[in-house]
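# Residue-level structural notes
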Amino acid sequence: MTALLTLTVLVLVAIAIWQMTKIFELSQLKAEHTEVATDKDNKYNGYLLFGFVIFIYGITIFSFAKYGKMLLPESSSAHGGEYDQLMWVSFAIIFFVQTITQFLLHYFGYKYRGEKGKKALFFADNDRLEFIWTIIPVIVLAGLILWGLYTWTNIMDINDDDDPLIVELYAQQFNWTARYGGEDNVLGDASVRLIDIDRANVLGLDEADPNASDDVIVKELHLPVGRKVNFMMRSQDVLHSAYMPHFRAQMNCVPGMITQFSFTPTVTTEEMRLNPDVVDKVKRTNALRAKWAAEGRPNSEPWEFDYILLCNKICGKSHYNMQMKIIVETEEEYNKWIAEQATFKETIAPAE
Ligand SMILES: [Cu+2]
């Protein structure tokens, strides 16, 4: 808030100064008051163009150096590598092209600045030039788009091959609930109309469906490493978006329909905690938290890395805190955990 106010004051002061200079200029009783730029004005503007290109290069380098470490660590899903590669190649091309074109744009602006007696060369068209600046973007963009479509089709190919684990992600303002298919790995039918809070049927499971009785409803997502997971997403109220950044996965949760995403986790939570980028991030965060703790501020206890499911659709006032912990573990650990969870049949209160 203070920052916004300071910024507003600065902008207002700048406008005031600008208006005052205009009044000052108008009050100058000069004989030859003209709107035509002189050689001096043009040269000055040419140098300003140079200054601007240096500024944008500077801010680019600064951002890389200062914020590069904010990027996500290496992907933890089978498809994530290809996804990252596509993103980095796109980044590299954009970076390369923008560095060169921005320089040329500003340099030519300076080089061909207005000068007394200098006249621009006019020509109607140049087929060869137009061909070059059309064909290069066509080839590059077609390549990127085809690669993108191919990657998209691969990632979004949701099928039942390789015995995937079926998990439902249920979104509501403002929390997540996960449901496993239980012994049979089949989710029972559910509908928001069947929700019965008094009987603890929080996801509206259909008791008449035999597949529902062994379903397991939990508030912490456990996934066995190396096994494909097919997610079925539902929303109770508004649009939410299930976002699992470390697995490069995101899918909207839409009221009234089931959306899907599928991925195979490849790195356990324990292994990810040893990833150098993650170790570094934890160290930085905890250094900050130690400082906060010394100041007696809240949320300053040491932090340990965990995978996370976030909501990535602004869905209301507590959207920012709509999250669920994800634990990727070995198959034995997962089996042990799931066996300890109560089933729907065990947790639902008997009908009156
Ligand atoms: Cu949400």
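Position numbers for residues start from 1 in each chain and track the written sequence from start to end. It should be noted that, the model being predicted, local features are given only for residues of pLDDT at least 70 and side-chain atom pairs only at 80 or more, the latter also being counted only at that level, while totals for whole chains, interfaces and linings use all residues. The side-chain quantities take in all heavy atoms of the structure and omit both hydrogens and water.

An unreviewed UniProt entry annotates the chain as Cytochrome c oxidase subunit 2 originating from Flagellimonas flava. UniProt positions are given in the numbering used here, feature names are shortened, and annotations may be inferred rather than shown by experiment. As its UniProt record puts it under Catalytic activity (unreviewed entry), the chain is described as follows: "4 Fe(II)-[cytochrome c] + O2 + 8 H(+)(in) = 4 Fe(III)-[cytochrome c] + 2 H2O + 4 H(+)(out)". Taken directly from UniProt, the Sequence similarities (unreviewed entry) text for the chain runs: "Belongs to the cytochrome c oxidase subunit 2 family."

Helix and strand content of the chain: 8 helices and 10 strands. Throughout, radius of gyration means the C-alpha value; the globule benchmark is 2.2 Å times the number of residues raised to the power 0.38. Rg of the C-alpha trace for the chain: 29 Å, well past the compact-globule value of 20 Å for 352 residues, more than 25% over. Throughout this description, buried means an accessible area under 20% of the type-specific maximum (1.4 Å probe, protein chains only), exposed means over 50%, and partly exposed covers the range between. A burial count over the chain gives 30% of its 352 residues as buried. Working rule for contacts: check all heavy atoms of both residues, and any pair within 4.5 Å makes them a contact. If you take every contact in the chain between residues at least 6 apart in sequence, the share linking residues at least 24 apart comes to 70%. Computed with a 1.4 Å probe, the accessible areas rest on the Shrake-Rupley method; for each residue, only the protein chains presented here act as cover. Carbon and sulfur atoms form 63% of the exposed surface of the chain, whose accessible area is close to 23500 Å². Placing the 32 positive and 45 negative side-chain charges of the chain at their respective mean positions leaves the two points 15 Å apart. Helix and strand definitions here come from DSSP, where helices need a minimum of 4 consecutive H or I residues and strands a minimum of 2 consecutive E residues; each element is numbered from the N-terminal end. Only four residue types enter the charge count: Lys and Arg as positive, Asp and Glu as negative, with His and the chain ends excluded. To locate a charge, take NZ of a lysine, CZ of an arginine, CG of an aspartate or CD of a glutamate.

Taken together, the protein ligands of the copper ion are His240 (ND1), Cys311 (SG), Cys315 (SG) and Met322 (SD), with distances of 2.1 to 2.7 Å. Donor atoms are limited to N, O and S found within 2.8 Å of the metal ion, a distance that becomes 3.2 Å for Na, K and Ca. With water left out, some sites might look partial. A site with four donors is called tetrahedral when every donor-metal-donor angle falls between 85 and 135 degrees; four donors are called square planar, and six octahedral, when opposite donors sit more than 155 degrees apart and all other angles fall between 65 and 115; any other arrangement is irregular. For the copper ion, the 4 donor atoms in the first shell make angles of 92 to 124 degrees at the metal, so the coordination geometry reads as tetrahedral. As a motif over one chain, the donors of the copper ion read H-x70-C-x3-C-x6-M.

Our focus in this paragraph is the packing of aromatic side chains. In this analysis, rings of Phe, Tyr and Trp, with Trp reduced to its six-membered ring, are considered paired at centre separations within 6.5 Å, and the interplanar angle assigns stacked below 30 degrees, edge-to-face beyond 60, and tilted for intermediate values. Within the structure shown, the criterion is met by 18 aromatic pairs. Taken together, a centroid distance of 5.6 Å and an interplanar angle of 85 degrees make the contact between phenylalanine 64 and phenylalanine 95 edge-to-face. Residue phenylalanine 64 is found in helix H2 (residues 39-67), and its partner phenylalanine 95 is found in helix H3 (residues 80-111); the two are separated by 31 residues along the sequence. Ring centres of phenylalanine 247 and phenylalanine 263 lie 4.8 Å apart, and the angle between their planes is 15 degrees; on these two criteria the pair is classed as stacked. In this pair, phenylalanine 247 sits in the loop between strand S6 (240-244) and strand S7 (249-253) while phenylalanine 263 sits in strand S8 (residues 259-263), placing the two residues 16 residues apart along the sequence. On the accessibility criterion, phenylalanine 263 (2% relative accessible area) is buried. Three or more aromatic residues joined by ring pairs make a cluster, and in this case those are Tyr47, Phe50, Phe103, Tyr107, Phe108, Tyr110 and Tyr112. Sitting over a ring, as applied to charges here, requires NZ of Lys or CZ of Arg to be within 6 Å of the ring centre and within 35 degrees of the ring normal. If you follow lysine 22 out to its NZ or CZ, it ends over the ring of tryptophan 18, 5.0 Å from the centre. If you follow arginine 113 out to its NZ or CZ, it ends over the ring of tyrosine 110, 4.6 Å from the centre.

What follows concerns a negative patch on the surface. Excluding any residue in a salt bridge, patches collect residues exceeding 30% relative accessible area, merging like charges within 9 Å and nonpolar Val, Leu, Ile, Met, Phe, Trp and Tyr side chains within 5 Å. Note on definitions: salt bridges are taken to be side-chain nitrogens of Lys or Arg within 4 Å of carboxyl oxygens of Asp or Glu. Taken together, the side chains of Asp157, Asp160, Asp161 and Asp162 make up a negatively charged region of the molecular surface. Structurally, aspartate 160 is set in the loop between helix H4 (127-155) and strand S1 (165-172). Given the relative accessible area of 60%, aspartate 160 is considered exposed.

Time to look at the environment of leucine 7. Relative to the elements of secondary structure, leucine 7 occurs in helix H1 (residues 2-27). Leucine 7 gets classed as exposed once you look at its relative accessible area, which sits at 53%. Between the alpha carbons of leucine 7 and proline 73 there is a distance of 34 Å; along the sequence they are 66 residues apart.

The sites that carry the UniProt feature "domain: Cytochrome oxidase subunit II copper A binding" (unreviewed entry) are, in the present numbering, residues 162-340. Taken end to end, residues 162-340 has its terminal C-alpha atoms 25 Å apart, with 18% of it in helix and 31% in strand.

In the numbering used here, UniProt assigns the feature "domain: Cytochrome oxidase subunit II transmembrane region profile" (unreviewed entry) to residues 64-159. Helix makes up 68% of residues 64-159 and strand 0%, with an end-to-end C-alpha separation of 39 Å.

At least two bridges found by DSSP between two strands are what make those strands a pair. Overall, mixed pairing links the 5 strands, which are arranged S4-S10-S9-S6-S7 in an open sheet. Strands with a single pairing partner mark the edges of an open sheet, and in this sheet they are strand S4 (221-224) and S7. Taken pair by pair, the neighbouring strands of this sheet meet at an average axis angle of 20 degrees, ignoring direction. Bridge analysis of S4 against strand S10 (residues 323-329) gives 4 bridges, and the strand direction is parallel. Residue pairing across strands places leucine 221 opposite isoleucine 326, the latter belonging to S10. Axis definition: a line fitted to C-alpha atoms, limited for helices to the stretch in contact. Angles are taken between N-to-C directions and run from 0 to 180 degrees. On the sheet, helix H7 (residues 331-340) packs against S4 and S10 and is oriented at approximately 140 degrees with respect to S4.

So, on to the sheet that holds S8. Ordered in space as S3-S2-S1-S5-S8, the 5 strands form an open sheet in which the pairing is mixed. Across the chains shown, the open sheet's two edge strands, defined by having one partner strand only, are strand S3 (216-218) and S8. Direction aside, neighbouring strands of the sheet carry axes that sit 25 degrees apart on average. In the sheet, strand S5 (residues 229-235) pairs with S8 via 5 bridges, with the strands oriented antiparallel. Its bridge partner lying in S8, methionine 232 is registered against glutamine 260.

Time to look at H3. The length a helix should cover is 1.5 Å for every residue beyond the first. Here H3 contains 32 residues, and its C-alpha end-to-end distance of 46 Å stays within 8% of the 46 Å for a straight helix at 1.5 Å per residue. Along H3, the positions that sit buried rather than exposed are Gly80, Asp84, Leu86, Ser90, His106 and Tyr110. If you follow the buried residues of H3, they end up packed against H2 and H4.

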